[in-house]
Protein chains: 2
Amino acid sequence: MFNEFETCSIRQARDNISKMKIYETLKALTLGSGSPRRSELLGSVGLEFNITPATCDEPPAKRGQLPEDYAIEMAMMKARNVANLCPGTLVIGADTIVARDLDILGKPRNRKDAIEMIKSLCGRSHKVITGCALISDNGDEISYAVTTDVEFINCDEFAIRAYVATGEPDDKAGAYAIQGQGAFLVKGICGSYTNVVGLPLARVMESLISLKAISPIGTE
Amino acid sequence: MFNEFETCSIRQARDNISKMKIYETLKALTLGSGSPRRSELLGSVGLEFNITPATCDEPPAKRGQLPEDYAIEMAMMKARNVANLCPGTLVIGADTIVARDLDILGKPRNRKDAIEMIKSLCGRSHKVITGCALISDNGDEISYAVTTDVEFINCDEFAIRAYVATGEPDDKAGAYAIQGQGAFLVKGICGSYTNVVGLPLARVMESLISLKAISPIGTE
């Protein structure tokens, strides 16, 4: 069985050969997340960045706290943690959560929990929210939450069990990965797809452009 | 530079190691398309199928023909072509088109055309329509079109030029690939993501289940 690192290396090898830069990086950037999906998304346009995952614990949401507010709070907490570790760089922090109405779904505790979590999402819509926090080298902070509505099919329980048995849901908030085998569960989405994967690419790039941290290749 | 075959082999190697079946295939299936994206989507849930690309020419849309009708017509034409080549199997045909209002956008004629095509999609929404046609071994036919709205960012011309220079748009209807580097152009979508990639996975699986061609692993 692959581990995350090997999967990532093969992908990287393929991508490095086939990818040409679309944007160039003007300021030192740090991605404050160990997620290979976030790294792959930022890397897809040719950005260069260091990866320094945040080391802070994530407290649970406060009672009555809106999912969007919680996602922003977590992203900012991670970004500040990493900004202390990587002074002189622009830090990007992100936190992706799954919300069924006002309930925030974390990672499943076990496979039985994963089956129940997926069943609770079937035949209806839920929200995937990524909180983003950017801290520039001069201390300026930008933060926001991007929300995507995701609608699941009405899925047969046998298929849910077979999906959970693949192990993919084990470490995923909401117990599925839209970019993986979990795609079959998704009838449709409304909003940013990359946001569901873990980073709203277009919006984050808009922020990096406004901070003059990146610009298109060939710009004078 | 990679060719399509090499890209596909590496992906296949990675996927075969990490993927477990979610559905099993009960009838002989033929995918009537050479698109590695369609093959990867159907393969992601563990389906087994032969690949036999259609050999027929694709006529342009008739004057005044709705994009949805044209996509279904092309998918059915391909499926019938392949059904003649592969008797005794259930054939899946598909045709994905990009429509800006009522104009159908094909593949760009050259890189200048690709730049103009992407510019014409920026800052607004267009539709990606996949026509699907399934012909079962007893001759029954099912066909439909699935539509996804795609909204592009307002993109700087330098970034468009750099994206076109990657070569990715060369052979893509609408001059972009949402699953590739073109993801940075997409602000959001409404509808099926896999439909934009080339095959509306959830809908096609629903059809295959109704035709008793596939069923979840573990079903008695």
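Quantities reported herein were computed from a predicted structural model and do not represent experimental measurements.

### Considerations on the relation of the copies chain A and chain B
Thinking step 1. Screw-axis analysis of chain A against chain B gives a translation of 0.0 Å along the axis, an RMSD of 0.0 Å, and a rotation angle of 180°. What the superposition gives is, in effect, a two-fold axis relating one chain to the other. Residue Cys 190 of chain A of chain A places its C-alpha closer to the rotation axis than any other residue of that unit, at 2.1 Å.
Thinking step 2. Taken together, the interface assignments show that 100% of the residues at the interface of chain A recur at the interface of chain B, consistent with an identical surface on both copies.

### Some remarks on the packing of helix 4 (residues 111–121) of chain B against helix 5 (residues 157–165) of chain B
All names here are of chain B.
Thinking step 1. Running from amino to carboxyl end, helix 4 crosses helix 5 at an angle of 135°, the nearest separation of the two axes being 10 Å. Judged on the interaxial angle alone, helix 5 and helix 4 are oblique. As for how helix 4 packs across helix 5, the hand of that crossing is right-handed. Residues Arg 111, Ala 114, Ile 115, Ile 118 and Lys 119 of helix 4 form the contact with helix 5, whose own contacting residues are Glu 157, Ile 160, Arg 161, Tyr 163, Val 164 and Ala 165.
Thinking step 2. In terms of residue class, the contact of helix 4 with helix 5 is built from seven nonpolar, no polar and four charged.

### Regarding the state of the cysteines
Every disulfide links exactly two cysteines, by a covalent bond between their sulfur atoms.
Thinking step 1. Using the criterion set out here, one finds one disulfide over all chains in the structure.
Thinking step 2. A sulfur-sulfur separation of 2.1 Å characterises the disulfide bridge that pairs Cys 190 of chain A with Cys 190 of chain B. The sign of the -95° torsion about the S-S bond sets the Cys 190 of chain A-Cys 190 of chain B disulfide as left-handed. Here Cys 190 of chain A is found in strand 8 (residues 186–191), whereas its partner Cys 190 of chain B is found in strand 8 (residues 186–191) on a different chain.
Thinking step 3. Residue Cys 190 of chain A is classed as partly exposed on the basis of its relative accessible area, which comes to 33%.
Thinking step 4. Cysteine Cys 132 of chain A shares no disulfide, and the gap to the nearest cysteine sulfur, in Cys 56 of chain A, comes to 16 Å.

### Here we look at helix 4 (residues 111–121) of chain A
Residue and element names in this part refer to chain A.
Thinking step 1. Those residues of helix 4 that sit buried are Asp 113, Ala 114, Ile 115, Met 117, Ile 118 and Leu 121.
Thinking step 2. Buried positions along helix 4 lie against strand 4 (90–100), strand 5 (103–105), strand 6 (125–135), strand 7 (141–152) and helix 5 (157–165).
Thinking step 3. At the N-terminal end of helix 4, a side-chain oxygen is found 3.2 Å from the backbone nitrogen of Lys 112, two or three residues along, and the residue is Asn 110.
Thinking step 4. Once helix 4 finishes, Gly 123 follows within two positions and takes phi at roughly 70°, a positive value.

### Quick word on the environment of Gln 65 of chain A
Residues and elements named next belong to chain A.
Thinking step 1. Looking at where Gln 65 falls in the secondary structure, it is placed in the loop between strand 3 (50–51) and helix 3 (67–85).
Thinking step 2. Distance from Gln 65 to Leu 102, taken between C-alpha atoms, is 8.9 Å for residues 37 residues apart in sequence.
Thinking step 3. Those residues in contact with Gln 65, other than ones at most four positions away along the chain, are Tyr 70 and Glu 73.

### Considerations on the interface of chain A and chain B
Thinking step 1. Facing the 43 residues of chain A at the interface are 43 residues of chain B.
Thinking step 2. Summed over both partners, the interface of chain A with chain B comes to about 3,500 Å²; 72% of that surface belongs to carbon and sulfur atoms.
Thinking step 3. On inspection of chain A and its partner chain B, the count reaches zero salt bridges.
Thinking step 4. Taken together, chain A and chain B are joined by six residue pairs in polar contact (both at pLDDT 80 or more).
Thinking step 5. Elements that contribute at least two residues to the side of chain A that touches chain B include exactly helix 1 (4–18), helix 5, strand 8, helix 6 (193–197) and helix 7 (201–210) of chain A.
Thinking step 6. Looking at the side of chain A that touches chain B residue by residue, the classes come out as 26 nonpolar, eleven polar and six charged.
Thinking step 7. Pairing between strand 8 of chain A and strand 8 of chain B: three bridges, direction antiparallel. Within strand 8 of chain B, the residue paired with Cys 190 of chain A across the bridge is Cys 190 of chain B.

### Remarks on the pattern of salt bridges
Opposite charge on two side chains makes pairing possible when the charged atoms of those side chains draw close.
Thinking step 1. Following the criterion strictly, the structure yields 30 salt bridges over all chains and no others.
Thinking step 2. Close ionic contact of Lys 78 of chain B with Asp 95 of chain B constitutes a salt bridge, the shortest N to O distance being 2.9 Å. You can see Lys 78 of chain B sitting in helix 3 (residues 67–85) and its partner Asp 95 of chain B sitting in strand 4 (residues 90–100), a full 17 residues away along the chain. Side by side, Lys 78 of chain B and Asp 95 of chain B carry an identical accessibility label, which is buried.
Thinking step 3. For Glu 157 of chain B, the salt bridge goes to Arg 161 of chain B, with nearest N and O atoms at 2.8 Å. Placement of both Glu 157 of chain B and Arg 161 of chain B in helix 5 is noted, with a separation of four residues, approximately one turn of the helix.
Thinking step 4. Through salt bridges with shared partners, one network takes in Glu 116, Lys 119, Glu 157 and Arg 161 of chain A.

### Some details on the pairing of strand 7 of chain A
Residues and elements named next belong to chain A.
Thinking step 1. Both strand 6 and strand 7 contribute to a ladder of eleven bridges, which runs antiparallel. Among the inter-strand pairings, Gly 131 is bridged to a residue of strand 7, identified as Ala 145.
Thinking step 2. Hairpin connection, strand 6 to strand 7: the antiparallel pair is bridged by five residues, and Gly 139 has positive phi, about 95°.
Thinking step 3. As judged from the four bridges shared by strand 7 and strand 8, these two strands associate in the antiparallel manner.

Reading the values: rules and limits
Residues numbered from 1 in each chain as written. Chains lettered and ligands numbered in written order. Predicted model: local features only at pLDDT ≥ 70, side-chain atom pairs only at ≥ 80, totals over all residues. Heavy atoms only, no water. Least-squares fit on C-alpha atoms with pLDDT ≥ 70 in both. Contact = heavy atoms within 4.5 Å. Axes fitted to C-alpha atoms, helices over the stretch in contact; angles between N-to-C directions. Helix = DSSP H or I, 4+ residues; strand = E, 2+ residues; numbered from the N terminus. Parallel < 35°, antiparallel > 145°, perpendicular 65-115°, else oblique. Left-handed = near helix turned anticlockwise from the far one by under 90°. Nonpolar A, V, L, I, M, F, W, Y, C, P; charged D, E, K, R; others polar. Disulfide = S-S within 2.5 Å. Buried < 20%, exposed > 50% of the residue type's maximum accessible area, 1.4 Å probe, protein only. Polar contact = N/O pair within 3.5 Å; in protein donor to acceptor, adjacent residues only side chain to side chain. Buried area = accessible area lost by both parts, 1.4 Å probe. Salt bridge = Lys/Arg side-chain N within 4 Å of Asp/Glu carboxyl O. Pairing = 2+ DSSP bridges.

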